[in-house]
Amino acid sequence: MRIKYIYQQLISHLSVILVALLVLSLVFSHYIEKLVFSMKADELQGYGYNIVQDVQGADLWSASTYSTLLRYSEELKGTGITIGIFNTQRNRIWSFGKDLDINITTAEWDEIKDGSSTVIKPSTRRGDQEVALVAIPYSVNNVVVGGIILTSPLVESKEMIQEINRYLIYILFLVFAIALLMSFIFSRVHVNRIKKLQEATSHVADGDYTVKVSSSTFDEIGELGQDFNQMVDRLRESKEAIDALENRRRQFMSDVSHELKTPLTTISGVIEGLNNNMIPENEREKGLKLISKEAKRLIRLVNENLDYDKIRSNQIVLMKEFISLEEVLEIIYEQLSFLAEEKDVKIYVEVDHDAVIYADYDRLIQIIMNITKNSIQFTENGSVWLTGRMESSRTIIEVKDTGIGIEAHEIENIWKRFYKADLSRTNNPYGEFGLGLSIVKQLVQFHEGDIQVTSEKGKGTTFTISFPLSREK
């Protein structure tokens, strides 16, 4: 069975309130009843002590005792109080007031016969009525010769108690109604707050990560709102990251497909031409060289992707050692001089003879090779400088060219995978896949180094690499 939360709140609140009111009512009613009866008994006790003082020393049978009792009886005539006096045999001598059975019982006489105590009964029965009773010992020359007994019917007191209880019931109903209204209002407030959380949760379940709920530190629901908003923010960030990854995946597939298409188309076309004898004999060798060249392009694509994935998954292990920087730059010069000559680019090496670098040899060659190829690629009839020096505890390498340069807004993008600052790179023989610089930056960071780029459009670009010397020579 499904019970709405607001009704659960009302039931729980009203149950607690109802039980509390009932307990308080019973306690209060009992207290009032006890208080009224006690006040009646105290009143009788006061009259009794006054009578004893007024008849003190007189004989129980004397006229003075009789007249004193008669006077008190006249004074108390409208109160319904009955006054009686009895001897040691518990025989009633005088009686004034209503014709009630005011005989003292054996148990009551046993309590007062030594003259040291008084019997006070806020509620007891005499005849067919419930009365308050007080019995006081009476002594002559320190000898108990009898006692004085006073009773007062409790009918009026009970009527007063019933009237109080009636008003108490009215008050209970009024308080219960007010409590019901307030409980409904407060329950509705809390339920509305939870309802908003529920609605917001439904929006999130439907994919809306912009929803927000009110939050505070006032109570647990407010703190829950804070946690909910933080959760939504994280979900939105996660979704954005997933969307970005998906977009990059699509872009990657598009770029790879595009990069693969050109060499594969070339290879397929040349092979088909050779098979169909469509290529002259004197052009066959050139066709085979073209196939070899395009095959190498495909191999580079695969290798660069493998390198990139290894770097991204932290599978690269660096074998660092101290290396002569002059030796490294000379190797780069020798390997790329042929490529530079094809583009009428001159390479200059300027390095301190005692300069060393602390790095992984193969990865260092890969870093400088990629950057230098990149510089040659964008330089026509110009120059490329490879310089190296040591500053304090770091080794600085600069690759500077006089090429076409890079727009300022494109500098940060050159490190992105497959990014091309110039679409002409697609047909260049080196670096055409847009992976080189992305790998370079990752490898430099693995060496705990830093790489910076400065460029001016039409005047050239400078790559500055800084490697720390992690230990002394």
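The model shown is predicted, which means the values in this text are computed figures rather than measured ones.

Okay, the overall build of the protein chain next. Looking only at helices and strands, one finds nine helices and 12 strands in the protein chain. Sequence-distant contacts in the protein chain: of pairs separated by 6 or more residues, those separated by 24 or more amount to 65%. Summed over its atoms, the accessible surface of the protein chain is roughly 27800 Å², and 54% of this surface lies on carbon and sulfur atoms.

Our focus in this paragraph is unusual backbone geometry. With a phi angle near 65°, Asn142 is a residue other than glycine that sits in the positive phi range. Along the polypeptide, Asn142 turns up in the loop between strand S4 (129-140) and strand S5 (143-153). Look at Asn142 and you get exposed, because its relative accessible area is 79%. Despite not being glycine, Glu448 has its phi angle at roughly 60°, a positive value. Assignment of secondary structure puts Glu448 in the loop between helix H9 (436-446) and strand S11 (450-456). Residue Glu448 is classed as exposed on the basis of its relative accessible area, which comes to 56%.

Within the secondary structure layout, Asp360 lies in strand S8 (residues 356-360). Within the structure, Asp360 has its side chain in polar contact with the backbone nitrogen of Arg363 (distance 3.1 Å).

Taking burial as the measure, the 11 residues of S5 include nine buried ones, the bulk of the element. Sheet topology note: the strand S1 (residues 82-87)/S5 ladder contains six bridges and is antiparallel. Among the inter-strand pairings, Asn87 is bridged to a residue of S5, identified as Gly146. As paired elements, S4 and S5 share 10 bridges and run antiparallel to each other. Bridge pairing links Tyr138 to Gly146 in S5. Connecting the antiparallel pair S4 and S5 is a turn made up of two residues, with Asn141 showing a positive phi of about 50°.

With five of five residues buried, S8 is to be regarded as a mostly interior element. As defined by bridge partners, strand S6 (residues 320-324) adjoins S8 across five bridges and the pair is classed as antiparallel. Looking at S8, one finds that Ile323 is bridged to Ile357.

Turning to the nonpolar core, a few remarks are in order. Within the largest apolar cluster, 39 residues are counted, with the highest numbers of intra-cluster contacts made by Leu364, Ile371 and Phe463. Beyond its immediate sequence surroundings of up to four residues, Ile371 is in contact with Val399, Leu437, Val440, Ile451, Phe463 and Ile465. Counting 25 residues, the second-largest nonpolar core is a separate cluster that includes Phe37, Leu69, Ile148 and Leu150.

Of note, Val52 is situated in helix H1 (residues 5-54). With 95 residues separating them along the chain, Val52 and Gly147 place their C-alpha atoms 8.9 Å apart. Val52 has contacts with Ile136, Pro137, Tyr138 and Ile148, leaving out every residue within four places of it along the chain.

Moving on, we get to the sheet that holds strand S7 (residues 346-351). Across the sheet, five strands lie side by side as S7-S9-S10-S12-S11; this open sheet has mixed pairing. Here the strands that pair on one side only, and so sit at the sheet edges, are S7 and S11. Neighbour-to-neighbour, the strand axes of the sheet open up by a mean angle of 15°, direction not taken into account. Here seven bridges tie S11 to strand S12 (residues 460-468), and the two strands are oriented antiparallel to one another. Bridge assignment links Ile451 to a residue of S12, and that residue is Ile465. Set on the sheet, helix H7 (residues 325-342) makes contact with S7, strand S9 (383-391) and strand S10 (394-401); between it and S7 the angle comes to about 175°.

Further remarks concern the packing of H7 against helix H8 (residues 361-377). Taken N-terminus to C-terminus, the directions of H7 and H8 make an angle of 40°; their axes are 10 Å apart at the nearest point. The hand of the H7/H8 crossing is right-handed. Where H7 abuts H8, its residues Glu327, Val328, Leu329, Ile331, Ile332, Gln335, Leu336, Leu339 and Ala340 lie against Tyr361, Leu364, Ile365, Ile368, Met369, Thr372, Lys373 and Ile376. Taken together, the residues that form the contact of H7 with H8 break down as 13 nonpolar, two polar and two charged.

A few words now on the packing of aromatic side chains. Scanning the model with the defined rule gives four aromatic pairs in all. With a centroid separation of 6.1 Å and an interplanar angle of 80°, the aromatic rings of Phe86 and Trp109 are classed as edge-to-face. Here Phe86, found in strand S1, pairs with Trp109, found in helix H3 (residues 106-112); they are 23 residues apart in sequence, far enough to count as distant. On the numbers, 6.2 Å between centres and 90° between planes, the contact of Tyr167 with Tyr170 is edge-to-face. Within this pair, Tyr167 and its partner Tyr170 are both found in helix H4 (residues 155-205), separated by three residues, close to a single helical turn.

Now for helix H2 (residues 63-75). Here H2 is 13 residues long and its end C-alpha atoms lie 18 Å apart, about the 18 Å a rise of 1.5 Å per residue gives. Among the residues making up H2, those that are buried are Thr65, Thr68, Leu69, Tyr72 and Ser73. End-on view of H2: buried residues confined to an arc of 135°, all on one side of the axis. Across from the buried face of H2, at angles greater than 90 degrees, the exposed residues are Ala63 and Glu75.

Before going further, it helps to spend a moment on the pattern of salt bridges. On inspection of all chains with the given rule, the structure shows 14 salt bridges. As a salt-bridge pair, Arg71 and Glu75 come within 3.8 Å of each other at their nearest N and O atoms. Here the residue Arg71 and the residue Glu75 both occupy positions in helix H2, the gap between them amounting to four residues, near one helical turn. Here Asp110 makes a salt bridge to Lys113, at a shortest N to O gap of 3.6 Å. Judged by its relative accessible area of 41%, Asp110 falls in the partly exposed class.

What counts as what
- Per-chain numbering applies: the sequence of each chain, read as written, is numbered from 1 onward.
- Local features in this predicted model are restricted to residues of pLDDT 70 or higher, and side-chain atom pairs are both shown and tallied only at a pLDDT of 80 or more, whereas totals for entire chains, interfaces and linings draw on every residue.
- The side-chain quantities take in all heavy atoms of the structure and omit both hydrogens and water.
- Note on conventions: DSSP H or I runs of at least 4 residues are helices, E runs of at least 2 residues are strands, and numbering of each starts at the N terminus.
- When checking whether two residues touch, look at their non-hydrogen atoms; a contact exists if any pair is within 4.5 Å.
- Surface exposure here means Shrake-Rupley accessible area, sampled with a 1.4 Å probe, where a residue is shielded only by the protein chains that are shown.
- Exposure classes here rest on a 1.4 Å probe applied to the protein chains alone. A residue is buried below 20% of its type maximum, exposed above 50%, and partly exposed in between.
- Within 3.5 Å is the distance limit for a polar contact, defined as a pair of N or O atoms, with the added protein rule that one can donate a hydrogen and the other accept it, and that residues adjacent in sequence qualify only through two side-chain atoms.
- Note on pairing: two strands pair once DSSP finds at least 2 bridges between them.
- The criterion is simple. A nonpolar core is a set of buried Ala, Val, Leu, Ile, Met, Phe, Trp, Tyr and Cys residues joined through side-chain atoms within 4.5 Å.
- A fitted line through C-alpha atoms serves as each axis, taken over the contacting stretch for helices, and the angle formed by two N-to-C directions is quoted from 0 to 180°.
- By definition, turning the near helix anticlockwise from the far helix through less than a right angle yields a left-handed crossing, and turning it clockwise yields a right-handed one.
- Under the scheme applied here, ten amino acids are nonpolar (Ala, Val, Leu, Ile, Met, Phe, Trp, Tyr, Cys and Pro), four are charged (Asp, Glu, Lys and Arg), and all others, including Gly, are polar.
- Here is the rule: rings of Phe, Tyr and Trp (six-membered ring for Trp) pair when centre to centre is within 6.5 Å. Planes less than 30 degrees apart are stacked, more than 60 are edge-to-face, and the remainder are tilted.
- A helix's residues, less one, multiplied by 1.5 Å, set its expected span.
- The arc in question is the one spanned by the directions pointing from the helix axis to the C-beta atoms.
- What makes a salt bridge here is a side-chain nitrogen of Lys or Arg within 4 Å of a carboxyl oxygen of Asp or Glu, nothing more.

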